[in-house]
Amino acid sequence: MRVRTRWVAPATLAAVGAALLTGCQSAPGGAAEERGRASGETAKVTPEAVRPSGYGAEFLGVDECSSFGRTSFTEASCAGERAAARVIARHDGTARDGPRCPATTDFVLHISEQHPSSDEDGDGVVPRGYACMRHLQPPHPGDPGGGGGPRTIVGDCVYDLGDGRVRETACDGDAEREPEFEVTKAVDDRSECPASTALYVRLGGASPVGCARPV
């Protein structure tokens, strides 16, 4: 059976968690650029929703943890029961203009600029930024084949939405939608994809083309 090869870009994904902004995905992000991320949820965090808790010199700095909330979350001790996810990368500004999150990021917290009465370093300002988060416990949607996360990477599976769009889903078939294609390689140009490629997925980054085969 002849498979027609085509180029698609990931579609905006349904919210998987409630406080992710396009995050790493809508920016210099991967295939997830156009999907609010298969992994990505999209909900703006208001200044009132985020309150520094004094666990570090920077609100949600690298290796610090956030509570379970997504629309309303706080910093939490990583050893405490309230901790849900750890910061694996933290950047000021917006995800659209800033560095991409690491490949196995589970979700992104978008932090609005605030001027609380007190903060970690005493200057009265929590700058606008974003934190790339990794769950403390499985499952990890950002892992290859996990069916989510703000980036689409090698090992992830997608299904066709039509009109040149795809959406990420779990490779093990446990998600609501069955996988149709698996990204097997990331390359600089479509000509570098193997002959078995049936779909090209826009990943972004240093190797922006994802070569996907039917599953």
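Residues numbered from 1 in each chain as written. Predicted model: local features only at pLDDT ≥ 70, side-chain atom pairs only at ≥ 80, totals over all residues. Heavy atoms only, no water.

### Re the environment of Gly80
Selection criterion: Helical segments are the DSSP runs of H or I of at least four residues, strand segments are the runs of E of at least two, and each set is numbered from the N terminus. Classification of residues uses two cut-offs on accessible area relative to the type maximum, computed with a 1.4 Å probe and protein chains only: under 20% is buried, over 50% is exposed, and between them is partly exposed.
One can find Gly80 in the loop between β4 (73–76) and β5 (83–92). Judged by relative accessible area, Gly80 falls into the partly exposed class, the value being 32%. Along the primary structure Gly80 and Ser67 are separated by 13 residues, whereas in three dimensions their C-alpha atoms are 9.5 Å apart.

### As for the pattern of salt bridges
In plain terms, the rule: We define a salt bridge as a contact between a side-chain nitrogen of Lys or Arg and a carboxyl oxygen of Asp or Glu at a distance within 4 Å.
Applying the stated criterion across every chain, the model contains four salt bridges. Across the pair Arg90 and Asp92 runs a salt bridge, and its minimum N-O distance is 3.7 Å. Between Asp143 and Arg134 there is a salt bridge, with its nearest N and O atoms 2.7 Å apart. If you follow the salt bridges from partner to partner, you end up with Asp106, Arg134 and Asp143 in one network.

### Some details on the side chain of Thr94
Let me state the cut-off plainly: In protein, a polar contact requires one atom able to donate a hydrogen and another able to accept it; more generally it is a pair of N or O atoms within 3.5 Å, and residues adjacent in sequence count only if both atoms are side-chain atoms. The contact criterion used is simple: two residues touch if any of their non-hydrogen atoms lie within 4.5 Å.
Topologically, Thr94 is positioned in the loop between β5 and β6 (107–111). One polar contact links Thr94 to Asp97, side chain to side chain, over a distance of 3.0 Å. Aside from chain neighbours lying at most four places away, what touches Thr94 is His110, Arg128 and Tyr130.

### A few points about the environment of Ala131
The residue Ala131 is located in strand β7 (residues 129–135) in this model. Residues Ala131 and His110 lie 21 residues apart in sequence; the distance between their C-alpha atoms is 6.6 Å. With residues near it in sequence (within four places) discarded, Ala131 still touches Val87, Ala89, Arg90, Phe107, Val108, Leu109 and Ile111.

### Some remarks on unusual backbone geometry
Cis peptide bonds are those with omega within 30 degrees of zero, and the linkage from Pro138 to Pro139 qualifies with 5°. In this structure, Pro139 sits in the loop between β7 and β8 (157–162). Positive phi, normally seen in glycine, also occurs at Leu60, with a value near 55°. Relative accessible area serves as the criterion here: at 0%, Leu60 is assigned to the buried category. Positive phi, close to 55°, is recorded for Asp163, a residue that is not glycine. In this structure, Asp163 sits in the loop between β8 and β9 (165–169).

### Remarks on the state of the cysteines
Any covalent bond linking the sulfur atoms of two cysteines counts as a disulfide. What counts here: What counts as a disulfide here is a pair of cysteine sulfur atoms lying within 2.5 Å.
Overall, the coordinates contain four disulfides when judged by the stated rule. Sulfur-sulfur distance for the disulfide between Cys101 and Cys132 comes to 1.9 Å. Judged by the torsion about the S-S bond (-75°), the Cys101/Cys132 disulfide is left-handed. Within this pair, whereas Cys101 is found in the loop between β5 and β6, its partner Cys132 is found in strand β7, the two being separated by 31 residues in sequence. Per residue, the accessibility class of Cys101 equals that of Cys132, and both read buried.

### Looking at the pairing of β9
How we decide: For two strands to pair, DSSP has to find at least two bridges joining them.
Here β8 runs beside β9; their pairing, made up of five bridges, is antiparallel. Bridged to Cys157 within β9 is Thr169. Taking the residues that link successive antiparallel strands as the turn, the β8-β9 hairpin has two residues, and the phi of Asp163 there is positive, at about 55°.

### Considering the nonpolar core
We apply this condition: Here the nonpolar core consists of buried residues drawn from Ala, Val, Leu, Ile, Met, Phe, Trp, Tyr and Cys, with membership extended through side-chain atoms lying within 4.5 Å.
The biggest cluster of nonpolar side chains holds 10 residues, and these are Phe59, Leu60, Phe73, Ala85, Val87, Phe107, Leu109, Ile111, Ala131 and Met133. When contributions to this core are tallied by element, the ones reaching two or more residues are β5, β6 and β7. Core analysis: the second largest hydrophobic core is formed by nine residues, Val158, Val166, Ala198 and Val201 among them.

### Notes on the packing of aromatic side chains
Operational definition: Note on aromatic pairs: the rings of Phe, Tyr and Trp (six-membered ring only in Trp) are paired at centre separations within 6.5 Å, and the planes decide the class, stacked below 30 degrees, edge-to-face beyond 60, tilted for the rest. We count a charge as sitting over a ring when the NZ of a lysine or the CZ of an arginine lies within 6 Å of the ring centre and within 35 degrees of the ring normal.
Tallied over the entire structure, the rule returns zero aromatic pairs. When the ring centre of Tyr200 is taken as origin, the NZ or CZ atom of Arg190, which lies over that ring, is 5.3 Å away.

### Regarding the confidence of the model for the protein
Predicted coordinates in areas of low pLDDT are best not read in detail. As a reminder, the rule being used: A score between 0 and 100, pLDDT records how confident the predictor is in each residue.
Of the residues in the protein, 66% reach a pLDDT of 70 or more, and the chain-wide mean stands at 76. A low-confidence stretch, residues 12–54 (pLDDT under 50), is modelled with 164 contacts involving residues beyond four sequence positions or located in other chains. Here residues 115–123 is a poorly scored stretch, pLDDT under 50, and it has 19 contacts once near neighbours within four places are set aside; other chains count.

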